[in-house]
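Report on the structure
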Amino acid sequence: MTQRATAFASARARQRGAALLLAMLTVVLVATLASAMLWQQWRSLEVEKAQRMRVQSHWLLTGALDWARLILREDARQGGSDNLTEPWAVPLAPARLSTFLAAQHGQATVGDDDDPSQEAFLSGQIDDLQARLNVANLVKNGALDAASVDAWARLFKQLKLPQAELERVAEALLQADLAARVPAASGDGVAASSTSTPAARAPLLPRRVDDLRWLGLSAQSLQTLTPFITVLPVATVVNLNTAPLEVLLASVPELSVAQAQRLIQTRATQPFNTLLDAMPVLADPQLRLDPAQQGVSSRFFSVTGRLRVGDTTVLERSVIERNGLTVTAISRQRGVESLAQWPTTATLQ
């Protein structure tokens, strides 16, 4: 009897242990499934939130771009020169969108005031791209333009950049321009862009400032040059009303620092309506302004929009071409957190 009771008790203990182990495994399985379901739900919510923010930021920044186009159109309607005293040159300080997007009958009905993570702020500015030296000016009619190359050489000298890089960039631009003029196909139907032809080995024409890395410009030189250069579809003149000191000194041969500073001080209160208006300020009969290199009005502008929602900042930079009263966005670039990185690029036709 004692042995039988002992065996029965041992069997009962094994059954309880197995039941306990099975219960623990069941709890682990349920917890795993529950955590997986919660993770999937959290992921779906985050994806939906990111998608909603992407769409909202797209439309808000598109609206900001349309507003900038309207400002530039009205400026063109007024006529005259383009200068830094006009409304388009005044940047938009960060403005909270919810205070007027949700306004009704003159009273704000904002429902997310207590949630800082949902606050949206919009800021932006319009910059004159003709206040910079244009890469497209370096090559004209299949040859290097001497006046433009000299202007770039003066800019490189001011910024203490190696002239050898400028020579490489100019030569590469010339090759790219000549290659772009080659017909797409030869008369016998064989593509002229075959790898055996010089045109196929030539670099592509740059479309953005960053593309100058392809043409032999170092990363450090590119970073130094970026505030003073641009890449536009056609050759342009430098606007004396908006160009910074470095660009003025590069654009006008033999211009001294004192004369350039005098130009900047004068235009702040009395912008130049013609090139002749700038001549008395220079006070030097030896200096000559070239209408092919300098001007007082602009055709191309840059619109930068910045939308901050919570901890996320979306940035968009658009290039605007104004032809009379027609204002068109010819390119748009969008990125997150830093203007130096643009993961999304859209070129508008």
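As a starting point, this report considers the structure included with it. The shown structure was predicted, so the numbers you read here are calculated from the model rather than taken from an experiment.

Its 18 residues place the ends of helix H4 (residues 163-180) 26 Å apart at the C-alpha level, agreeing with the 26 Å of an ideal helix rising 1.5 Å per residue. Taken as a whole, H4 has its buried residues at Glu165, Leu166, Val169, Ala170, Ala172, Leu173, Leu174, Ala176, Asp177 and Ala179.

Our focus in this paragraph is the packing of aromatic side chains. Scanning the entire structure with this criterion turns up one aromatic pair. Ring geometry for Trp88 and Phe301: centres 5.2 Å apart, planes at 70°, overall edge-to-face. With a gap of 213 residues between them, Trp88 in the loop between helix H1 (2-78) and strand S1 (92-96) and Phe301 in strand S11 (residues 300-309) connect regions that are remote in the sequence. Accessibility classification places Trp88 together with Phe301 in one group, the buried group.

Our focus in this paragraph is the pattern of salt bridges. Throughout the structure, instances matching the rule amount to seven salt bridges. A salt bridge links Arg77 to Glu74, with the shortest nitrogen-to-oxygen separation between them at 3.5 Å. Taken together, the residues span about one helical turn, with Arg77 and Glu74 both in helix H1 at a distance of three residues. Of the residues examined, Arg77 reaches a relative accessible area of 48% and is grouped as partly exposed. Residue Glu74 is classed as partly exposed on the basis of its relative accessible area, which comes to 33%. In this structure, the salt-bridge partner of Asp75 is Arg322, at a minimum N-O distance of 2.9 Å.

Attention now goes to empty space enclosed by the protein. Taking a probe equal in size to a water molecule and rolling it over the atoms shows the remaining empty space. Per the stated rule, a full pass over the model turns up one cavity of 30 Å³ or more. Quantified by volume, the largest cavity comes out at close to 80 Å³. Lining the largest cavity, in full, are Arg132, Leu133, Asn134, Asn137, Ser148, Ala151, Trp152, Thr236, Val237, Val238, Ser251 and Gln293. Those elements giving two or more residues to the lining of the largest cavity turn out to be strand S5 (133-134) and helix H3 (146-158). Top contributing element to the lining of the largest cavity by residue count: H3, with three residues. Grouping the constituent residues of the lining of the largest cavity by class yields five nonpolar, six polar and one charged.

Taken N-terminus to C-terminus, the directions of helix H8 (residues 257-269) and helix H9 (residues 275-282) make an angle of 125°; their axes are 9 Å apart at the nearest point. Classed by the angle they form, the pair H8 and H9 counts as oblique. In this structure, H8 meets H9 at a crossing whose hand is right-handed. Two secondary-structure elements touch here, H8 through Gln259, Arg262, Leu263 and Thr266 and H9 through Ala278, Val281 and Leu282. A per-class count over the contact of H8 with H9 returns four nonpolar, two polar and one charged.

What follows is about unusual backbone geometry. The backbone of Lys160 shows a phi angle near 60°, a positive value even though the residue is not glycine. Mapping Lys160 onto the fold places it in the loop between H3 and H4. Of note in this structure, Glu254 is not a glycine but carries a positive phi near 65°. Considering the arrangement of structural elements, one finds Glu254 in the loop between helix H7 (245-251) and H8.

Take the pairing of S11 next. Most of S11 sits out of view: seven of its ten residues are buried. Direction of pairing for strand S4 (residues 120-128) relative to S11: antiparallel, over a ladder of nine bridges. Paired with Asp128 across the bridge in S11 is Phe301. Note: S11 against strand S12 (residues 312-323), ten bridges, orientation antiparallel. The partner of Val303 across the bridge, within S12, is Ser318.

This next bit is on H9. Of all the residues in H9, the buried ones are Leu275, Ala278, Val281 and Leu282. Along the axis of H9, the buried residues cluster in a sector spanning 100°; they form a single face. Exposed and facing more than 90 degrees away from the buried side of H9 are Leu276 and Pro280. On the buried face of H9, the contacting elements are H8 and strand S10 (294-295). A positive backbone phi angle near 50° is found at Ala283, which sits one or two residues after H9.

What follows covers the nonpolar core. By size, the foremost hydrophobic cluster in this structure holds 43 residues, and its most contacted members are Leu133, Trp152, Leu155, Leu212, Leu225, Ile229 and Leu255. Put simply, the parts of the chain that give this core at least two residues each are H3, H4, helix H6 (219-225), H7, H8 and H9. If you tally residues by element for this core, the top one is H4, at five residues. Not counting the four nearest positions on each side in its chain, Trp152 is found in contact with Leu133, Asn134, Val135, Leu138, Leu166 and Ile229. In terms of nonpolar packing, the next biggest core, distinct from the first, is built from ten residues, Ala68, Leu72, Trp88 and Ile320 among them.

For the rest of this paragraph, the subject is the packing of H3 against H4. H4 packs onto H3 with a crossing angle of 150° between their chain directions and a minimal axis gap of 9 Å. Of the possible angle classes, the one that applies to H3 and H4 is roughly antiparallel. Of the two elements, H3 crosses H4, and the hand of that crossing is right-handed. Residues Val149, Trp152, Ala153, Phe156 and Lys157 of H3 pack against Gln163, Glu165 and Leu166 of H4.

Thresholds applied
Counting restarts for each chain: residues are numbered from 1 in the order of the written sequence. Note on the predicted model: pLDDT of at least 70 is required for a residue's local features to be given, and 80 or more for side-chain atom pairs to be given and counted; whole-chain, interface and lining totals, by contrast, use all residues. The basis for every side-chain value is the complete set of heavy atoms in the structure, and neither hydrogens nor water enter the calculation. Helix numbers and strand numbers start at the N terminus; a helix is a DSSP run of H or I with at least 4 residues, a strand a run of E with at least 2. By this rule, a helix spans an expected 1.5 Å times one less than how many residues it contains. Here the term buried applies to any residue with accessible area under 20% of the maximum for its type, exposed to any over 50%, and partly exposed to those in between, with areas from a 1.4 Å probe on protein chains only. Any pair of Phe, Tyr and Trp rings, taking the six-membered ring for Trp, is counted once the centres come within 6.5 Å. Such a pair is stacked with planes under 30 degrees apart, edge-to-face with planes over 60 apart, and tilted for the rest. Basic side-chain nitrogens of Lys or Arg form a salt bridge, by our definition, when they fall within 4 Å of a carboxyl oxygen of Asp or Glu. A cavity, in this analysis, means grid points on a 1 Å lattice covering only the protein atoms where a 1.4 Å probe fits yet has no way out; a pocket is instead an open set bounded by protein on both sides within 12 Å along at least five of seven lines, and a residue lines either one if it has an atom within 4 Å of a point. Grid points are joined across faces, edges and corners, and a volume is the space filled by probe spheres set on the points. Only Asp, Glu, Lys and Arg are considered charged in this grouping, and only Ala, Val, Leu, Ile, Met, Phe, Trp, Tyr, Cys and Pro are considered nonpolar; every other residue, Gly among them, is considered polar. Fitted lines through C-alpha atoms serve as axes, helices being fitted only where they are in contact, and the angles separating the N-to-C directions of these axes extend from 0 to 180 degrees. Any angle that is under 35 degrees is reported as roughly parallel, and any over 145 degrees as roughly antiparallel; angles of 65 to 115 degrees are reported as roughly perpendicular and all others as oblique. In this scheme the crossing of two helices becomes right-handed for a clockwise turn of the near helix relative to the far one and left-handed for an anticlockwise turn of less than a right angle. Note on definitions: a residue-residue contact is assigned when non-hydrogen atoms from the two residues lie within 4.5 Å. Two strands are counted as paired when DSSP detects at least two bridges linking them. As used here, the arc is the angular range of directions from the helix axis to the C-beta atoms. Only buried Ala, Val, Leu, Ile, Met, Phe, Trp, Tyr and Cys residues count toward a nonpolar core, and they belong to the same one when joined by side-chain atoms within 4.5 Å.

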